[in-house]
Amino acid sequence: VPTPTPTPTPLPCTNPDTSVDLGEGKIAQASSELKPAGNAVDGNGATRWESAFTDEQWWWVDLGAPQPLCAVTIDWEGAWASAYQLQTSDDEATWTPVFDGGASGAGEITHTLPGGVTARYLRYYGTDRGTPWGHSFWTLSVWPSLDASPPLSPPSPAPPPRPPSPPDRKSA
């Protein structure tokens, strides 16, 4: 029985361009807004997005066109999330998780995405709050990748070469 060839797994992106925030100045929306969603991408670190005081909340930014993504930095206000996903989409309807984790307090945290992620929309989907308040961040920055192509995990070793066939013997 032949052994199936495993699909290579993308390695984490290792080359973010932190000089270009793809989300800054772009359109943002949220499931609820005690403070406007656009505050997280307005370029002003003194304004913030704040959700209603419930666990399941989302916030997304439209990057305008599909972009190669490498990392996301969230600068949490005092109302941080202990569990959330970062998700991507090209159609604002079907979302693919690219990070699953959480924060442990206020402050800045950067999440590296898998290599080869390209998307038009990036969504924060908070499932559990770390405080009694809502979800709230000062900024959410989306960093592009400088990598020309997605890095893949090293392929499995190739099977050994087949021995050469014996030469044809022609009769004279």
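In this numbering scheme, every chain counts its residues from 1 along its sequence in written order. Side-chain atom pairs in this predicted model are given and counted only at pLDDT of 80 or more, local residue features only at pLDDT of at least 70, and totals for whole chains, interfaces and linings cover all residues. In computing side-chain values, all of the structure's heavy atoms are included and hydrogens and water are not.

Student: Mind showing me how you'd approach the overall build of the protein here?
Tutor: The helix and strand inventory of the protein stands at 0 helices and 8 strands. Think of it in three bands: with a 1.4 Å probe and only protein chains considered, a residue is buried below 20% of the maximum accessible area for its type, exposed above 50%, and partly exposed in between. Sorting the 172 residues of the protein into buried and exposed places 40% on the buried side. Any pair of residues with heavy atoms lying within 4.5 Å of one another is described as a contacting pair. Of the contacts formed within the protein by residues at least 6 apart in sequence, a portion of 76% connects residues at least 24 apart. Per-residue and other accessible areas were derived by the Shrake-Rupley procedure at a 1.4 Å probe size, with only the shown protein chains allowed to occlude residues. Accessible area for the protein stands at about 9800 Å²; split by element, carbon and sulfur atoms hold 54% of it. A run of DSSP states H or I qualifies as a helix once it reaches four residues; a run of E qualifies as a strand once it reaches two. Both are numbered from the N-terminal end.

Student: Help me understand the pairing of strand E1 (residues 27–30) in this model?
Tutor: The two faces of the sheet receive side chains in turn, since in a regular strand these alternate between them. The alternating pattern of E1 places Ala28 and Ala30 on a buried face and Ile27 and Gln29 on a face that is not buried. Strand direction decides the pairing type here: E1 and strand E3 (residues 57–76), joined by 4 bridges, are antiparallel. Bridge pairing links Ile27 to Asp62 in E3. Whether two strands pair comes down to DSSP finding at least two bridges between them.

Student: Can you help me understand the environment of Gly130 in this one?
Tutor: Following the sequence through the fold, Gly130 ends up in the loop between strand E7 (118–129) and strand E8 (136–144). Here Gly130 falls in the partly exposed class, since its relative accessible area comes to 31%. A C-alpha to C-alpha distance of 9.0 Å links Gly130 and Gly102, two positions 28 residues apart in sequence. Filtering out sequence-adjacent residues up to four positions away, Gly130 remains in contact with Trp80, Ala81 and Ser82.

Student: In this structure, what is going on with the confidence of the model for the protein? I would like to understand it.
Tutor: Close inspection of predicted coordinates is inappropriate in any region flagged by low pLDDT. You can read pLDDT as the predictor saying how much it trusts each residue, on a scale of 0 to 100. Confidence along the protein averages 89 in pLDDT terms, with 83% of residues attaining 70 or more. Residue range residues 150–156 is modelled with pLDDT below 50. Its contacts to residues more than four positions away, or to other chains, number 15 contacts.

Student: Would you mind going over the packing of aromatic side chains with me for this structure?
Tutor: One pair of aromatic rings is described through two measures. These are the centre distance and the angle between the planes. Paired rings are identified among Phe, Tyr and Trp, the last through its six-membered ring, by centres lying within 6.5 Å, and are further divided according to the angle between planes into stacked (under 30 degrees), edge-to-face (over 60) and tilted (the rest). If you walk through the whole model with that rule in mind, you get 11 aromatic pairs. When the ring of Trp76 is compared with that of Phe137, the centres are 5.5 Å apart and the planes differ by 85°; the resulting orientation is edge-to-face. Placement of Trp76 in strand E3 and of Phe137 in strand E8 is noted, with a sequence separation of 61 residues between them. Classification of Trp76 as buried rests on a relative accessible area of 1%.

Student: So what exactly am I meant to see when it comes to the environment of Cys70 here?
Tutor: Within the fold, Cys70 resides in strand E3. The sequence separation of Cys70 and Asn15 amounts to 55 residues, and the corresponding C-alpha distance is 7.1 Å. If we ignore the near neighbours within four places in the chain, the residues touching Cys70 are Cys13, Thr14, Asn15, Pro16, His111, Thr112, Leu113, Trp143, Pro144 and Ser145.

Student: What exactly am I supposed to notice about the side chain of Asn39 here?
Tutor: Inspection of the secondary structure puts Asn39 in the loop between E1 and strand E2 (49–50). Setting aside anything within four residues of it in sequence, one finds Asn39 in contact with Asn44, Thr47, Arg48, Trp49 and Trp138.

Student: Even after reading the chapter, I still don't get the side chain of Asp21, so can you show me in this structure?
Tutor: Along the chain, Asp21 turns up in the segment before E1. There is no salt bridge for the buried Asp21, and the closest opposite charge comes from Lys26, which lies 7.8 Å off by N-O distance. Polar contact criterion, stated in full: a pair of N or O atoms within 3.5 Å, where within protein one must be able to donate a hydrogen and the other to accept it, and residues adjacent in sequence count only if both atoms are side-chain atoms. Within polar-contact distance, the side chain of Asp21 engages the backbone nitrogen of Val142 at 3.0 Å. Ignoring any residue separated from it by four or fewer positions in sequence, one finds Asp21 in contact with Leu140, Ser141, Val142 and Trp143. Residues scored as positive are Lys and Arg, those scored as negative are Asp and Glu, and His as well as the terminal groups of each chain are ignored. By definition, a salt bridge exists where a carboxyl oxygen of Asp or Glu is found within 4 Å of a side-chain nitrogen of Lys or Arg.

Student: It is not clear to me how the nonpolar core should be interpreted in this structure. Could you clarify?
Tutor: Nonpolar side chains tend toward joint burial in soluble globular proteins. One finds Trp59, Leu69, Ile74, Trp76, Tyr124, Phe137 and Leu140 to be the most contacted residues of the largest nonpolar core, which totals 29 residues. When residues of this core are assigned to their parent elements, the largest contribution, 7 residues, is made by E3. Excluding anything up to four places from it in sequence, Leu140 contacts Asp21, Ala40, Val41, Trp59, Val72, Thr73, Ile74, Leu122 and Tyr124. Throughout this description, the term nonpolar core refers to a set of buried Ala, Val, Leu, Ile, Met, Phe, Trp, Tyr and Cys residues connected via side-chain atoms within 4.5 Å.

Student: What is the right way to read the pattern of salt bridges from this model?
Tutor: Where charged atoms of side chains with opposite charge meet at close range, the side chains can pair. A complete count under the given rule lists 4 salt bridges for this structure. Three or more residues are tied together by salt bridges with common partners; here these are Arg48, Glu50 and Glu77.

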